[in-house]
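# A look at the structure
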Amino acid sequence: MSARIGIVTFPGSLDDRDAARAVRLGGAEPVALWHDDAVLKSVDAVFLPGGFSYGDYLRCGAIARFSEVMGVVREAASRGMPVLGVCNGFQVLCESHLLPGALVRNAHLRYRNRPARMRVESVDTAWTNEYAPGAEVVFPAKHGEGRYVADEATLDRLEANGQVVFRYLDNPNGAMRDIAGIANEAGNVVGLMPHPEHAVEALTGPSTDGLGIVASVLAARPASRTFDQPV
Amino acid sequence: MARVVVDVMLKSEILDPQGEAVLGALPRLGVNDVKSVRIGKRVEIEFDDEGVESEHSDDAAAKALEQSQIIADQLLANPVIENFTVSVLDEDAA
């Protein structure tokens with residue numbers, strides 16, 4: 001049985017269909033999860049896609065944090081389930097306190113839409129273990145609120161623990177220490193601003209580097225484990 | 001009825017590009033003596049305390065203030081990047 005990767009659709013999500021397609025191209029089975037679902041439908045991992053959940057009202061990701069599905073995602077993440085947040089999904093993970101820091105307006109105030117070159121800084125995560133250490137990848141970036149910020153102590157801790165996962169080679173938004181993506185301490189929760197799900201086919205993407213994300217989570221998948229909440 | 005105001009401001013160490021943009025526009029108004037502009041949010045919350053007797057209005061205000069602290073801390077502000085203040089709105093002034 002192929003691995004089941006849940007893809008959450010919040011009201012205002014945009015990239016859920018691309019994420020599902022990328023998951024399928026990567027050899028896993030995409031499973032649609034609705035923001036109002038309080039069950040995980042036997043998925044092995046969860047992908048929080050980009051978009052403008054709840055209209056980005058108040059702060060990006062702030063309202064999504066209180067959705068039914070995030071309650072069960074948070075609980076399963078604490079038991080080791082791999083969770084990936086891309087763009088708005090990264091913002092949701094920070095707002096949900098599954099990842100430290102926050103994402104704020106790009107320093108230049110403009111929406112930035114272009115391929116982002118990054119270095120894979122950590123391969124010790126559920127979502128990057130199939131990349132070569134230090135590999136250069138190109139994923140499309142498209143965001144207005146992608147500047148990663150955290151206090152100096154948190155940034156130092158992220159660096160020391162190897163929790164900086166992706167670093168920009170041409171910082172597009174003013175992110176502190178050129179951080180494009182980070183992981184939690186356990187390495188099962190990863191968030192990044194650029195979009196690996198848009199880099200899976202030569203026809204439509206700047207690279208096919210994004211397939212490594214799905215390959216990694218498949219490699220990280222334990223033989224038999226369910227993250228469904230005991231009923 | 002209890003009305004509460006929550007003011008949310010970016011912490012001083014967090015760059016406020018919106019404030020910077022406004023600052024940059026001021027010379028075009030002929031204003032050249034402004035050092036800094038910071039932009040925040042003001043949230044007004046009105047509690048539904050129908051049925052609370054008027055002689056207990058102080059209690060209602062205290063409860064509203066307490067709940068507003070929770071609302072501000074958990075939702076309205078992100079403590080990683082923002083500070084907030086909570087105050088009861090003066091009814092006479094409103």
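Everything below is about the structure printed above this text.
Worth saying up front: this structure is predicted, and the values here are computed from it rather than measured.

### Brief notes about the overall build of chain A
Secondary structure assignment for chain A yields five helices and 11 strands. Whereas a compact globule of 231 residues would reach a radius of gyration of roughly 17 Å, chain A reaches 16 Å, a difference of no more than 12%. Relative to its 231 residues, chain A shows a buried fraction of 56%. If you take every contact in chain A between residues at least 6 apart in sequence, the share linking residues at least 24 apart comes to 76%.

### Notes on unusual backbone geometry
All names here are of chain A. The phi dihedral of lysine 41 falls on the positive side, at around 55°, and the residue is not glycine. Within the secondary structure, lysine 41 is located in the loop between β2 (29–34) and β3 (45–48). Take lysine 41: there are 12 C-beta atoms within 10 Å of it, and that puts it in the exposed class.

### Description of the interface of chain B and chain A
Interfaces are often sized by the accessible area lost when the parts come together. With nine residues of chain B in contact, the opposing surface of chain A contributes 11 residues. In terms of residue count, the dominant contributor to the side of chain B that touches chain A is helix α1 (residues 17–25) of chain B (three residues).

### Some words on the environment of A:Gly6
Residue and element names in this part refer to chain A. Take glycine 6: it is sitting in strand β1 (residues 4–9). Sequence separation of glycine 6 and leucine 40 is 34 residues, and the distance between their C-alpha atoms is 7.5 Å. In contact with glycine 6, not counting residues within four places along its chain, are Val31, Leu33, Leu40, Lys41, Val43, Val46 and Phe47.

Criteria and thresholds
In this convention, every chain numbers its residues from 1, walking through the sequence in written order. Naming scheme: in the order in which they are written, chains are lettered from A and ligands are numbered from 1. Local features in this predicted model are restricted to residues whose pLDDT is 70 or higher, and side-chain atom pairs enter the listing and the counts only when it is 80 or higher, whereas totals over whole chains, interfaces and linings include all residues. The numbering of helices and of strands both runs from the N terminus, where a helix is a DSSP run of H or I of at least 4 residues and a strand a run of E of at least 2. Atoms considered for the radius of gyration are the C-alpha atoms alone. The globule rule reads 2.2 Å times the number of residues to the power 0.38. Every C-beta atom is placed from the backbone, and the number of other C-beta atoms within 10 Å of a residue's own sets its class: buried at 20 or more, exposed at 12 or fewer, partly exposed in between. What counts as a contact is two residues whose backbone-derived C-beta atoms lie within 7 Å of each other.

Nothing here speaks to function; it is geometry throughout.
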